[in-house]
Amino acid sequence: MGAIRIAASMQGVHCVLHAPQGDSYADLLFTMIARSAKRPPVTYTSFQARDLGADTAELVRKTLRETVERFQPRALLVGEACTGELLQDQPAALAQGMGFDCPVVPLELPAFTRKEHWGASETFHQLVRTLLRGQQPRTLDPVAEGRRPRANLLGATALGFRCRDDIAEVTKLLDSAGVDVNLSAPAGASPEDLLRIPEADFNVCLYPEIAQSTCVWLERMFKQPWVKTVPIGVGATRDFLIEVGEVAGIDTSAAIAAGRTRLPWFSRSVDSTYLTGKRVFIFGDASHVIAAARIATEELGFEVVGLGSYSREFARELRAAAERHGVEALISDDYLEVEAAVLELAPELVLGTQMERHIAKRAGIPCAVISSPVHVQDFPARYAPQMGFEGANVIFDTWVHPLMMGLEEHLITMFREDEEFNDEAVASHLGSGKLTAASADTAPGPATTAEPTTSADGMGADAAPAWEPEAERELKKIPFFVRGKARRNTERYAAERGVARITVETLYDAKAYFGR
Amino acid sequence: MTDMRSRSQAKASPACAANGLGAGIGDQGAGQLSAGQLGAGDLAGNLQVQHEQGQRQVFCGLAGIVWLHRKIQDAFFLVVGSRTCAHLLQSAAGVMIFAEPRFATAVLGDRDLAGLADCNEELDRVVTELLARRPDIGTLFLVASCPSEVIKLDLENAAERLARAQQGRVRVLAYSGSGLDTTFTQGEDTCLSALVPVLPEAAAGSDALLVLGTLPDVVEDQFRRLFEALGIPSLHFLPPRRGSELPPVGPGTRLLAAQPFVGDTAAALIDRGATLIAAPYPFGIEGTRAWIGVAAEAFGISAERVEAVTAPAAKRAAVGLERYRAQLAGKRISFLPDSQLEIPLARFLQRECGMELVEVGVPYLDRRMMGAELDWLPAALRLTEGQDLERQLDRLRADRPDLTVCGLGLANPLEAEGLTTKWSIELVFSPVHGFDQAADLAELFVRPLNRRERLAF
Ligand code: SF4
Ligand code: SF4
């Protein structure tokens, strides 16, 4: 899967995978989720049970031969999916022995243990290594050559989160600082473009999950320094420009001063006071999570109550970030574990991937998507980058939109008895449905929506103290969007103190104890 | 092919046809053809079938879990496979369902591959935990995948062991959804085959009709009403809505297939004494009437009675269908091999909607199940079995039909080339069988044409 992402990002690259027929479903991620108008450049050997008794190596050779003939790729990636690997046909070695004109890049991915990002990162690294073999480091000096410094933007891929627009935004940003883009890869590049990598003065590692190992290698072999800051958020974008200045030896302060973004002012405006201390849970790939945590705290005034990632390769960076925010990093690819954490922490906003969006929906918590894996709606028709100053504007809108607007929150508290503001009404800007409709999942049908969400939240029904009717009535007076939290806090408070029956007094005791 | 072990041994023996086809057509094409050459074989009548082999663009049988878990409400499907399998299940489900649904993947890791003993131990642990956490599970299916088959993990054995450990609390069965053995809807066939040995024995002398293949509940209820009105003595459906309500089978059982992809299950039921009623499939008015008619005949019910019972629904359907017929008539259509529904749907579109068939591709041709349908196809039809994707697409580009039925991976790229497409998966998931869905079925083909016409660019 990782290898397909690299091939699909580029031009003139084709990938042959030794894989059974069903694995071809991977195509639909590109054609349906990213609405790609082309099939990804992948050919599967589609071996079946009957082939296993015969010569599967011959099937590989035949597939390779026909693929090269038909597509005439200028670089050929050859690898195997999990099942293919078990057959031990070593398709890459076969391909290398077939005397093709184009470079053959063997994908030696220990498939069973590693994940998609790692596969993409390794593939990109191998491809760059193979193509640059024999090239020498250049002696480059933009000043002496009378030109602006040049950078490579590395790491954008097909199916990545908002890569298309990030590339455009970062290109603009660098231009404002007087830096030209030599090339962007893998997205949009051809094998010939990759040959020009050494012509840049430095590299920009936009997506470390994909490009970090390549950047490290290029630094070692071609003496190209690289920019490590990922420009997501206002602060990070400024830091990025400072680092670009250092690496390129230019003064970027004018570009920083000229950066136009509405986020800081919108965040200071009085309507945003209601954002103060909103409890947020963050999950996704490492770089987006680390960036999101910084924006959430420093730029929006939220409180990070939990963060985590499925990117084990970046566990160290994540732990460091978590420590800065006073929480523990959850490093896991088990969505049940993530769901349990969300229910336990009961945040007011979840920033995550498509999976957390589902979890949040079920729990009735607002959510915004900040990272891949993605869904078709994460490929918007409009320009919506995450990076740079415009990216910060986009982030402000998309994170704040799911939350109740500031004034609206107060109005609901004041008029909660009114029909329009009754418990079932949704925030007016979220359309006119009832709350129940808004939280009903579009996806799974009765089996999943019917499951009680409380069962997994760590405090089983058996432990819950009983509510006096009067306390229950009092609870109803609390605005519905904080009622769940009030109920949980009160029950926890009562349980911890061995209170069997919750009275109005217990309710207010708990409120005083936990604070708002 | 109801026996799992013979299934995994099949890998060692090239003579065993991958698709679980009986003797005949399936074998003719396999093995002998270098890709791209079309081999032609004579079918009944003078209909020619051409065989192809090469790259495929189709789901494996795991995809069947998506509808089977919705149908059998107390069943859980545990795939023993790789991350690819887990990923496929999520994508096949159309959306990523991360609330805990009734299916999951036990991902084989490095350690499992190293030693089967460890692997079995790990599986036992996963299953025990799962069953403890989900007391609502009545039937657990262990689903084999390509990797589990290649390492020869014997899931049937594991199922027996686990069932013993559960002391009858939970039924544990095994079947294969692997891409090595099964193509898309065939995963339902292997699943239902696994149920056959545990079906209760029907009481001697009891005549019953057993309708085979998953139908949406709403359609099942319509058919139930029709068969009851006809006076069919006893009626069952396989799969049942709950794993605890298995239909009985015995010599008095008459089998009526509602889906064309359940050939192995039918064969296994025949082994248990049932007789198969040869019928076309209940798509469109003509197909549904014939399907019900042949079944009624098997129970000695008169044609007049069938006419009387079905006439109101058939009449209603004709009115509904008329509107769409006008929009489909004369249009040219091609089917890429995908769900096995290609042949009956092509027949419906040609005979009842006036469409012209350009090419009808099927992943495999199961002659046991298609006899009545093939008789209804035009003799000059280009019917292809198997797939060699790139060459098939070359033909498609040359043909440029008005509508192409294909899988999701191909739909957008073909649209981008200016072809109008219909996703085949929708035909599997939507209620399309029977009189009252005949118009809906036609509408599914009208919609993309209609949309093309509306859009300015
Ligand atoms: S084809 Fe095989 S490996 Fe691929 S998803 Fe299907 S069962 Fe898993
Ligand atoms: S290791 Fe991951 S990316 Fe590679 S084939 Fe298996 S599932 Fe796909």
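Keep in mind the model is a prediction, meaning the values are calculated, not measured.

Caption draft 1: How the structure looks around the confidence of the model for chain B. Residues and elements named next belong to chain B. For chain B, per-residue confidence averages 85 on the pLDDT scale, and residues scoring 70 or more make up 86% of the total. Per-residue pLDDT stays below 50 along residues 1–40; that stretch engages in 90 contacts with residues further than four places along the chain or on separate chains. Low confidence marks residues 95–99, where pLDDT is under 50. Its contacts with residues over four positions away, or in another chain, come to 18 contacts. The complex prediction reports pTM at 0.78, with the ipTM value standing at 0.76.

Caption draft 2: A look at helix α17 (residues 335–345) of chain A. All names here are of chain A. Those residues of α17 that sit buried are V338, E339, A341, V342 and L343. The inward-facing, buried residues of α17 contact β9 (279–284), β11 (329–331), β12 (349–352) and α18 (354–363). Two or three places before L336, at the opening of α17, D334 has a side-chain oxygen 2.9 Å from that residue's backbone nitrogen. Positive backbone phi, at 40°, marks A346, one or two positions downstream of α17.

Caption draft 3: Region of interest: the environment of L449 of chain B. Inspection of the secondary structure puts L449 of chain B in helix α19 (residues 438–454). Separated by 124 residues in the primary sequence, L449 of chain B and R325 of chain B have C-alpha atoms spaced 13 Å apart.

Caption draft 4: Here's a closer look at the site of ligand 1. Contacts to ligand 1 come from P20, G22, D23 and T83 of chain A together with C60, L62, C85, S145, C146, P147, S178 and G179 of chain B. Taken together, the residues near ligand 1 originate from chains A and B. Across the shell around ligand 1, the residue classes tally to six nonpolar, five polar and one charged.

Caption draft 5: Structural detail: the nonpolar core. The biggest cluster of nonpolar side chains holds 218 residues, and the ones touching the most others in it are I282 and W399 of chain A together with F227 of chain B. Setting aside anything within four residues of it in sequence, one finds I282 of chain A in contact with V289, A292, A293, A296, V304, G306, L307, G308, L351 and I370 of chain A.

Caption draft 6: Structural view of the packing of aromatic side chains. For the coordinates displayed, the defined rule picks out ten aromatic pairs over all chains. The interplanar angle of 50° and the centroid separation of 6.5 Å between the aromatic rings of F283 of chain A and Y310 of chain A together place this pair among those described as tilted. Of the two residues, F283 of chain A is situated in strand β9 and Y310 of chain A in the loop between β10 (303–309) and α16 (315–324); the sequence distance between them amounts to 27 residues. The interplanar angle of 50° and the centroid separation of 4.7 Å between the aromatic rings of F223 of chain B and W291 of chain B together place this pair among those described as tilted. Of this pair, F223 of chain B sits in helix α10 (residues 217–230) while W291 of chain B sits in helix α12 (residues 284–298), and the two are 68 residues apart along the sequence. With a relative accessible area of 1%, F223 of chain B lands in the buried category. On the basis of relative accessible area, W291 of chain B is assigned to the buried category, the value being 0%. Cluster of aromatic residues (ring-pair linked, three or more members): F59, W67, F184 and F429 of chain B. Positioned above the aromatic ring of W226 of chain A, the side-chain terminus of K228 of chain A is 4.4 Å from the ring centre.

Reading guide: rules and limits
- Residues numbered from 1 in each chain as written.
- Chains lettered and ligands numbered in written order.
- Predicted model: local features only at pLDDT ≥ 70, side-chain atom pairs only at ≥ 80, totals over all residues.
- Heavy atoms only, no water.
- pLDDT = per-residue confidence, 0-100.
- Contact = heavy atoms within 4.5 Å.
- Buried < 20%, exposed > 50% of the residue type's maximum accessible area, 1.4 Å probe, protein only.
- Helix = DSSP H or I, 4+ residues; strand = E, 2+ residues; numbered from the N terminus.
- Polar contact = N/O pair within 3.5 Å; in protein donor to acceptor, adjacent residues only side chain to side chain.
- Near = heavy atom within 4 Å.
- Nonpolar A, V, L, I, M, F, W, Y, C, P; charged D, E, K, R; others polar.
- Core = buried A, V, L, I, M, F, W, Y, C linked by side-chain atoms within 4.5 Å.
- Phe/Tyr/Trp six-rings, centres within 6.5 Å; stacked < 30°, edge-to-face > 60°.
- Lys NZ or Arg CZ within 6 Å of the ring centre and 35° of its normal.

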